[in-house]
Number of protein chains: 2
Amino acid sequence: MTDALSRAFSALADPTRRDMVARLTEGDQTLSELAEPYDVSLQAVSKHLKVLETAGLVTRSREAQRRPVHLEADVFDLMTKWIERYRDRAEARYQRLDAVLARLEDLDPDAPHDTHEGAAS
Amino acid sequence: MTDALSRAFSALADPTRRDMVARLTEGDQTLSELAEPYDVSLQAVSKHLKVLETAGLVTRSREAQRRPVHLEADVFDLMTKWIERYRDRAEARYQRLDAVLARLEDLDPDAPHDTHEGAAS
DNA sequence: CTTGAAGTCAACCGCACGGTTGACCAAGGA
DNA sequence: TCCTTGGTCAACCGTGCGGTTGACTTCAAG
């Protein structure tokens, strides 16, 4: 799991970590604040935090003995960019496919049907 | 790992699987076609495929003894929706935070800063 | 009916992950 | 100075994952 994208997706593959991210949109929080709702040890939450941190989804500052956790938007952008790149290409291809199928149907009425919403460009 | 979002993120956390998705945007492919570029056994690729399938990122049809793999866009949308929801809220909050900090500094440079609990607009 | 191609199923292996407990450190406040 | 608060480090444990090999199923073609 060497690359950034893998680390990011993997980090968000855990419901607890996604919940932590969700709650961090309300503002920076300390480890103990973050840990409070969950029924696990502080160390476990600390590990989750480290996963989010090495994925670049989160940063931590120093402030006396507290280490507030701060959400970082950049890697999220990286992920959406990746997803949307392929999602869009897929959609585009299917629209082309629909066109091809429509043409085939014109030529050959016995062509096997496929349920798809219309794309009639 | 019960929920759909976890399955989806987890599925894309693997570089090989992401590559398979990328290549599927070029069109439906069979298992053996998909497996060809990778230096692993066919069974390994079959497992990867099953992960993508149970995550709903991909579907497979029957066509004689071939089982072409087909990219499905919906779950990708689900993921981007989740990500963007929190990314946007984070961005918005930081803008509010900046405003708050600026005002605090104006009023009282020694203000004991209390992390979180700002909000409420 | 046999052969071959495309895939699946099952068992196994090494390793990383999520969780635990226990010891430890660092910074304030009494 | 001592103790509490906030957090880390280290070792361990069970489970799941990515990978392997080997046997099996299915279907089409000879």
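Structure shown above.
As the structure is a computational prediction, the values presented were derived from the model and not from experiment. (Residues numbered from 1 in each chain as written. Chains lettered and ligands numbered in written order. Predicted model: local features only at pLDDT ≥ 70, side-chain atom pairs only at ≥ 80, totals over all residues. Heavy atoms only, no water.)

Caption draft 1: The arrangement of the protein's contact with DNA strand D in detail. With respect to spatial proximity, 22 residues lie near DNA strand D, and among them S32 and R60 of chain A together with Q43, K47 and H48 of chain B are the closest. Among atoms of DNA strand D positioned within 4 Å of the protein, sugar and phosphate together represent 61%. Separating a phosphate oxygen of DNA strand D from a side-chain N or O atom of S32 of chain A is a distance of 2.2 Å. Contact between DNA strand D and Q43 of chain B: a base oxygen at 2.5 Å from a side-chain N or O atom of the residue. Contributions of two or more residues to the surface near DNA strand D are made by helix 3 (31-35) and helix 4 (42-54) of chain A together with helix 4 (42-54) of chain B. Residue classes in the surface near DNA strand D are distributed as five nonpolar, nine polar and eight charged. (Near = heavy atom within 4 Å. Polar contact = N/O pair within 3.5 Å; in protein donor to acceptor, adjacent residues only side chain to side chain. Helix = DSSP H or I, 4+ residues; strand = E, 2+ residues; numbered from the N terminus. Nonpolar A, V, L, I, M, F, W, Y, C, P; charged D, E, K, R; others polar.)

Caption draft 2: Seen up close, the protein's contact with DNA strand C. In the region of DNA strand C, 21 residues are neighbours, and R17, Q43, K47 and H48 of chain A together with S32 of chain B sit closest. Here the atoms of DNA strand C within 4 Å of the protein split so that 57% fall in sugar or phosphate, with bases taking the remainder. A distance of 2.4 Å separates a phosphate oxygen of DNA strand C from a polar side-chain atom of S32 of chain B. Between a phosphate oxygen of DNA strand C and a side-chain N or O atom of K50 of chain B, the distance comes to 3.0 Å. Those elements that provide at least two residues to the surface near DNA strand C are helix 4 of chain A together with helix 3 (31-35) and helix 4 of chain B. Its residues assigned to classes, the surface near DNA strand C comprises five nonpolar, eight polar and eight charged.

Caption draft 3: Structural view of the packing of aromatic side chains. In total, this model carries five aromatic pairs over all chains according to the counting rule given. Judged by centre distance (6.1 Å) and plane angle (35 degrees), the ring pair of F9 of chain A and F9 of chain B falls under tilted. One end of the pair, F9 of chain A, is in helix 1 (residues 4-12); the other, F9 of chain B, is in helix 1 (residues 4-12), on a second chain. Judged by its relative accessible area of 0%, F9 of chain B is buried. One aromatic cluster is present, built from ring pairs that chain together F9, W82 and Y86 of chain A together with F9, W82 and Y86 of chain B. (Phe/Tyr/Trp six-rings, centres within 6.5 Å; stacked < 30°, edge-to-face > 60°. Buried < 20%, exposed > 50% of the residue type's maximum accessible area, 1.4 Å probe, protein only.)

Caption draft 4: View of the interface of chain A and chain B. Every contact between the two is made by 36 residues of chain A and, on the other side, 34 residues of chain B. In total, about 3400 Å² of surface goes out of reach between chain A and chain B, with carbon and sulfur atoms giving 63% of it. On the surface where chain A and chain B come into contact, there are four salt bridges. Note that D77 of chain B and R87 of chain A form a salt bridge whose closest N and O atoms lie 3.0 Å from each other. Our count for the contact surface shared by chain A and chain B stands at eight residue pairs in polar contact (both at pLDDT 80 or more). With 14 residues, helix 5 (residues 74-107) of chain A is the largest single contributor of residues to the side of chain A that touches chain B. (Contact = heavy atoms within 4.5 Å. Buried area = accessible area lost by both parts, 1.4 Å probe. Salt bridge = Lys/Arg side-chain N within 4 Å of Asp/Glu carboxyl O.)

Take it as geometry only, folks, not as evidence of what the structure does.
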